[in-house]
Amino acid sequence: ETGVTQTPRHLVMGMTNKKSLKCEQHLGHNAMYWYKQSAKKPLELMFVYSLEERVENNSVPSRFSPECPNSSHLFLHLHTLQPEDSALYLCASSQDPTSGNTIYFGEGSWLTVV
Amino acid sequence: SQKIEQNSEALNIQEGKTATLTCNYTNYSPAYLQWYRQDPGRGPVFLLLIRENEKEKRKERLKVTFDTTLKQSLFHITASQPADSATYLCALGDPLSGGYQKVTFGTGTKLQVIP
């Protein structure tokens, strides 16, 4: 139990569907992240929220839309995805860097786009 | 552009031996370097952090070295056990991060410890 909970753990969706991934952290951290992990590729940072404000958006297609309603919750809204978007999506959280540098990851949401 | 290489996509080692994993980087001056463990189908778990002004860090059977001249980190697991079998990720931390952890990950090395 890492203190970061992701739901659902597995999701299969069609290319015309709309779905959302949810993440909740119970660690009192001020920053939350979405990463994408594909086979044989390094973890790709998608979005970062610090104090509920989006601070980084790494050229992610608009079919992925993040939402951070408060410091404990993070969503990734998915719309008209492509098969190549199938991957493990990892949510993470961390403290301010002056307090420590560890990133705490959730267990991930396996997404399959058919 | 920045590049992180974890040579050996996979490493097999006999139980009881020391496993040594390598992380090399180019075009980068990280403030710190981290190692994470990732089991199949699960999120990465933090193991160790070493800062740019540190040469070596230890934690139980784990040892990390950091050579900023060679731009290389070595990660050692002594007296390896089958339970150490996992993928190990190297991650470099940016010195300027603006309130969050700006970290770049390598592709990982899959370690298999054979009984």
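To keep things clear, this report deals only with the structure shown in the data block. (Residues numbered from 1 in each chain as written. Chains lettered and ligands numbered in written order. Predicted model: local features only at pLDDT ≥ 70, side-chain atom pairs only at ≥ 80, totals over all residues. Heavy atoms only, no water.)

### Considering the interface of chain B and chain A
Taken together, the 23 residues of chain B in the interface contact 28 residues of chain A. Taken over both partners, the interface formed by chain B and chain A buries close to 2,000 Å², and the fraction arising from carbon and sulfur atoms is 51%. Of all residues in chain B, Tyr-100, Gln-101 and Phe-105 of chain B give up the largest surface area on contact with chain A, accounting jointly for 34% of the area buried on that side. Put simply, chain B and chain A have two salt bridges between them. Close ionic contact of Arg-42 of chain B with Glu-107 of chain A constitutes a salt bridge, the shortest N to O distance being 2.4 Å. (Contact = heavy atoms within 4.5 Å. Buried area = accessible area lost by both parts, 1.4 Å probe. Salt bridge = Lys/Arg side-chain N within 4 Å of Asp/Glu carboxyl O.)

### What to know about the sheet that holds strand β6 (residues 56-59) of chain B
Residue and element names in this part refer to chain B. One open sheet holds the five strands; their spatial order is β1-β3-β8-β7-β6, and the pairing between them is antiparallel. Two strands close off the open sheet at either side, each with one partner strand: β1 (3-5) and β6. Taking the axes of each pair of neighbouring strands and ignoring which way they run, one obtains an average angle of 15° across the sheet. As judged from the six bridges shared by strand β7 (residues 62-67) and strand β8 (residues 72-77), these two strands associate in the antiparallel manner. Paired with Thr-65 across the two strands is Leu-74, which belongs to β8. (Pairing = 2+ DSSP bridges. Helix = DSSP H or I, 4+ residues; strand = E, 2+ residues; numbered from the N terminus. Axes fitted to C-alpha atoms, helices over the stretch in contact; angles between N-to-C directions.)

### Remarks on the state of the cysteines
Residue and element names in this part refer to chain A. Counting across every chain of the model gives two disulfides over all chains. Two residues share a disulfide in this structure: Cys-23 and Cys-91, whose sulfurs sit 1.9 Å from each other. For the disulfide bridge between Cys-23 and Cys-91, the dihedral angle about the S-S bond is near -75°, and by the sign convention the bridge is left-handed. Here Cys-23 is found in strand β3 (residues 18-25), whereas its partner Cys-91 is found in strand β9 (residues 87-94), with 68 residues between them in sequence. The class for Cys-91 is buried, based on a relative accessible area of 0%. (Disulfide = S-S within 2.5 Å. Buried < 20%, exposed > 50% of the residue type's maximum accessible area, 1.4 Å probe, protein only.)

### As for the packing of aromatic side chains
Under the counting rule described, the total for this entry stands at 12 aromatic pairs over all chains. On the numbers, 5.5 Å between centres and 50° between planes, the contact of Tyr-35 of chain A with Phe-105 of chain A is tilted. With a gap of 70 residues between them, Tyr-35 of chain A in strand β4 (residues 31-37) and Phe-105 of chain A in strand β10 (residues 103-105) connect regions that are remote in the sequence. On the basis of relative accessibility, which here comes to 2%, the residue Phe-105 of chain A falls in the buried class. Judged by centre distance (5.7 Å) and plane angle (75°), the ring pair of Tyr-36 of chain B and Phe-46 of chain B falls under edge-to-face. Here the residue Tyr-36 of chain B occupies a position in strand β4 (residues 32-38), and Phe-46 of chain B occupies one in strand β5 (residues 45-51), the gap between them amounting to 10 residues. The exposure class assigned to Tyr-36 of chain B is buried, which follows from its relative accessible area of 0%. On the basis of relative accessibility, which here comes to 24%, the residue Phe-46 of chain B falls in the partly exposed class. A network of ring pairs unites the aromatic residues Tyr-33, Tyr-35 and Phe-105 of chain A together with Tyr-36, Phe-46, Tyr-100 and Phe-105 of chain B as a single cluster. (Phe/Tyr/Trp six-rings, centres within 6.5 Å; stacked < 30°, edge-to-face > 60°.)

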